[in-house]
Amino acid sequence: GGLDFAHLQTKRHRTLELMRWIHELGMQMYGLAIGLAASAGYTKAKAWKRMRLDSLDHIRTTTAAGRTWCWVHCASVGEFEQARPVMEAYREASPKASFLLTFFSPSGYEYFVKNQPSWWRVDDAMAAFPLDTRRSVSRFLKTLTREGESKPAVEWAAAVKYEVWPEWLRQLRAADVPCVLLAAHVIAGRWPFRIGGAWYRKAWRLFDAIWVQQPISVGILQAFGIKAEIGGDPRFDRVFQAVEEAKKNPDQALDEWVKGRLCVVAGSAWGEEQEALQKSSWADGSCLIIVPHEWSAASIQEQKSRWENLGKNVVIWSEYRAQDTMARLPEGDVMLVDAMGFLTRIYAVADVAVVGGGFGAGIHNTLEPAAYGIPILTGPNIHRFAEAEAMRERGCLQTASTIDQLARELEVVLCDRSVLTREGAVALAFAHENRGAGERLAQGLLNLRP
């Protein structure tokens, strides 16, 4: 029996070492593929390479000057929006702390360069996340290590949502740096929580704390022997910040355009949502604002023609607001918004939201309409989004399995203002109940300090 157990342990150890070698090779091949794609002129690959060529001199100099880093790692923009309320609350509680913010994706990196928050300081630092190989991680941690010391000057390291990098975690834990996972969302059956994911699940066990968004994730992790606690979703805090900013500076011209009519806002709409909107019967005294997920001059003109063929008067956003984002808008039934960054403000005039992406890989942001107290309609694919599932259970988010069903459900909702009022109140209550995660998670990080 003892020999059999020892044999199994040896076999398991060899399997895990093989997985580590495969991961290392996979990362190296990924880096090579990105390099080849960049050489071939692919824009995203070039951006990925470019952000990793930026100098780490600022980090090295600030570390040498005696700063100890609070390291927050995000994949891209969405994860940063989750981390942002936590970082802001932490900065308020610990003003002398210095943040190191890393991104894996160039889109997140470039977004932050252009949109640094007011609480970001000159002695904070941003960098590209190292490729998860022994050499790259070791080189990066050496940049964070003062001369004559063996341990990197990192007070704690926090990854956001899914950013679990095995080699990064292994080296940080070997250096006795506390590591946590913020706003995690785990889905049953999704990698690595299925057969073949044992080595990657081992990395999850290296965290000192895992704070998940929803109770269901706690159960899924416990089934694999991984401890987790409910920390909530900091995006609610961020969304309320954006909504409050929009309310302080209302778009009076947009209010005048709506003129008290029932208003549907289609946010991040794809072709399926736009088709459903065109199939709906529009009652007199209602209006529609469409913010496409993607657009071109040609696609906007095509949509305009389709609506005009249905007898609707169409207004194109950029024709009136290219220079002045608050300019007066002419009368119309349908508005096509061919600009980015205005959806939060536009939801302020909505009575119902149609959120795009539900007929594709997954829906876009449902938190913004909820924070305004607006009932939500989507396509069927919401399973990856815990907040959307919760809102559907509460009755303030309705899903439609087909384009025709979405068109019919929109007609039903628009015919009964009491439904709009009731579901909107439920959405707002749900959003308010989930506020405060930023401060709770910041306190958890403060408790990591010796």
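The structure presented is a predicted model; accordingly, all values stated were derived computationally and were not measured. (Residues numbered from 1 in each chain as written. Predicted model: local features only at pLDDT ≥ 70, side-chain atom pairs only at ≥ 80, totals over all residues. Heavy atoms only, no water.)

(A) Geometry of the overall build of the protein. In terms of helices and strands, the protein carries 20 helices and 14 strands. Overall, the protein is about 75 × 55 × 45 Å in size when its C-alpha atoms are taken along their principal axes. Each of the 450 residues in the protein was classed as buried or not, and the buried ones make up 54%. Across the protein, contacts joining residues at least 24 apart in sequence account for 67% of those joining residues at least 6 apart. Accessible area for the protein stands at about 21,400 Å²; split by element, carbon and sulfur atoms hold 52% of it. A gap of 8 Å separates the mean positions of the 53 positive and 52 negative side-chain charges of the protein. (Helix = DSSP H or I, 4+ residues; strand = E, 2+ residues; numbered from the N terminus. Buried < 20%, exposed > 50% of the residue type's maximum accessible area, 1.4 Å probe, protein only. Contact = heavy atoms within 4.5 Å. Areas by Shrake-Rupley, 256 points an atom, 1.4 Å probe, with all protein chains shown as cover. Lys, Arg positive; Asp, Glu negative; His and termini not counted. Charge placed at Lys NZ, Arg CZ, Asp CG, Glu CD.)

(B) The arrangement of the side chain of Asp123 in detail. In this structure, Asp123 sits in the loop between helix H5 (106-114) and strand S3 (125-128). Given a relative accessible area of 14%, Asp123 falls into the buried group. A distance of 2.6 Å separates a polar atom in the side chain of Asp123 from a polar atom in the side chain of Arg67. Side-chain polar atoms of Asp123 contact the side chain of Arg121, separated by 3.1 Å. If we ignore the near neighbours within four places in the chain, the residues touching Asp123 are His58, Thr62, Arg67, Trp69 and Ser98. (Polar contact = N/O pair within 3.5 Å; in protein donor to acceptor, adjacent residues only side chain to side chain.)

(C) Representation of the environment of Arg173 in the model. With respect to the secondary-structure elements, Arg173 resides in helix H7 (residues 166-174). If sequence neighbours within four positions are ignored, Arg173 has contacts with Pro178, Cys179, Leu206 and Asp208. Of note is the side chain of Arg173, whose polar atom sits 3.0 Å from the backbone oxygen of Val177.

(D) Geometry of the packing of aromatic side chains. Across all of its chains, the model carries 23 aromatic pairs by this definition. Measuring from centroid to centroid gives 5.2 Å for Phe104 and Trp165, while their planes differ by 25°, and the two rings are stacked. Taken together, the residues Phe104 in the loop between strand S2 (98-103) and H5 and Trp165 in the loop between strand S4 (154-160) and H7 connect sequence positions 61 residues apart. Residue classification places Trp165 among the buried positions, given a relative accessible area of 13%. Note on Trp317 and Phe342: the rings are 5.1 Å apart at their centroids and 45° apart in plane angle, and the pair reads as tilted. Linking Trp317 in the loop between strand S10 (314-316) and helix H14 (318-321) with Phe342 in the loop between strand S11 (334-336) and helix H15 (343-346), this pair joins segments that are 25 residues apart in sequence. (Phe/Tyr/Trp six-rings, centres within 6.5 Å; stacked < 30°, edge-to-face > 60°.)

(E) Broad picture of helix H13 (residues 297-309). With 13 residues, H13 ought to run about 18 Å at 1.5 Å a step, and its terminal C-alpha atoms sit 19 Å apart, in line with that. Taken together, the buried residues of H13 touch helix H12 (271-279), strand S9 (286-292), S10 and S11. In the stretch just after H13, Gly311 is the one whose phi turns positive, near 85°. (Expected span 1.5 Å × (residues − 1).)

(F) Geometry of the sheet that holds S2. An order of S3-S2-S1-S4-S5-S6-S7 is seen for the 7 strands of this open sheet, with the pairing classed as parallel. Every interior strand has two partners, whereas the edge strands, S3 and strand S7 (229-230), have only one. Across 4 bridges, S4 lies against strand S5 (residues 179-184) in parallel orientation. Along S5, the bridge assignment pairs Ala157 with Cys179. Sitting on the sheet, H5 touches S2 and S3, and the angle it makes with S3 is about 155°. Each of S4, S5 and strand S6 (209-212) is contacted by helix H20 (residues 437-446), which is oriented at about 180° to S6, the strand it contacts most. (Pairing = 2+ DSSP bridges. Axes fitted to C-alpha atoms, helices over the stretch in contact; angles between N-to-C directions.)

(G) Focus on the pattern of salt bridges. Under the defined criterion, the tally for this structure stands at 22 salt bridges. For Glu387, the salt bridge identified is with Arg235, shortest N-O distance 2.9 Å. Separated by 152 residues along the polypeptide, Glu387 in helix H17 (residues 386-394) and Arg235 in helix H10 (residues 235-248) bring together distant segments of the chain. The buried category is assigned to Glu387, whose relative accessible area is 4%. Overall, the relative accessible area of 17% leaves Arg235 in the buried class. In this structure, Arg321 and Asp251 form a salt bridge, with 2.6 Å as the shortest nitrogen-oxygen distance. (Salt bridge = Lys/Arg side-chain N within 4 Å of Asp/Glu carboxyl O.)

(H) Spatial organisation of the layout of surface pockets. Considering only enclosed or pocket space, the second largest pocket measures out at about 710 Å³ in volume. Forming the boundary of the second largest pocket are 30 residues, of which Arg52, Ala128, Phe129, Pro130 and Arg139 lie nearest the centre. For the lining of the second largest pocket, the elements supplying multiple residues, two or more each, are helix H1 (2-39), helix H2 (43-51), helix H3 (57-64), H5, S3 and helix H6 (134-143). In terms of residues, the lining of the second largest pocket owes the most to one element, H6, which gives 5 residues. The residue makeup of the lining of the second largest pocket, split by class, is 16 nonpolar, 8 polar and 6 charged. (1 Å grid on protein atoms, 1.4 Å probe; cavity = no way out; pocket = protein on both sides within 12 Å on 5 of 7 lines; lining within 4 Å. Points joined across faces, edges and corners; volume = space filled by probe spheres on them. Nonpolar A, V, L, I, M, F, W, Y, C, P; charged D, E, K, R; others polar.)

(I) A look at the pairing of S9. Within S9, 7 of the 7 residues are buried, which leaves it mostly tucked inside the rest of the structure. Side chains of S9 alternate between two faces, with Ser286, Leu288, Ile290 and Pro292 and Cys287, Ile289 and Val291 buried alike. Sheet analysis places strand S8 (residues 262-269) next to S9, joined by 7 bridges and oriented parallel. Note on S9: the bridge partner recorded for Val265 is Ile289. Direction of pairing for S9 relative to S11: parallel, over a ladder of 3 bridges. The residue of S11 that forms the bridge with Ile289 is Met335.

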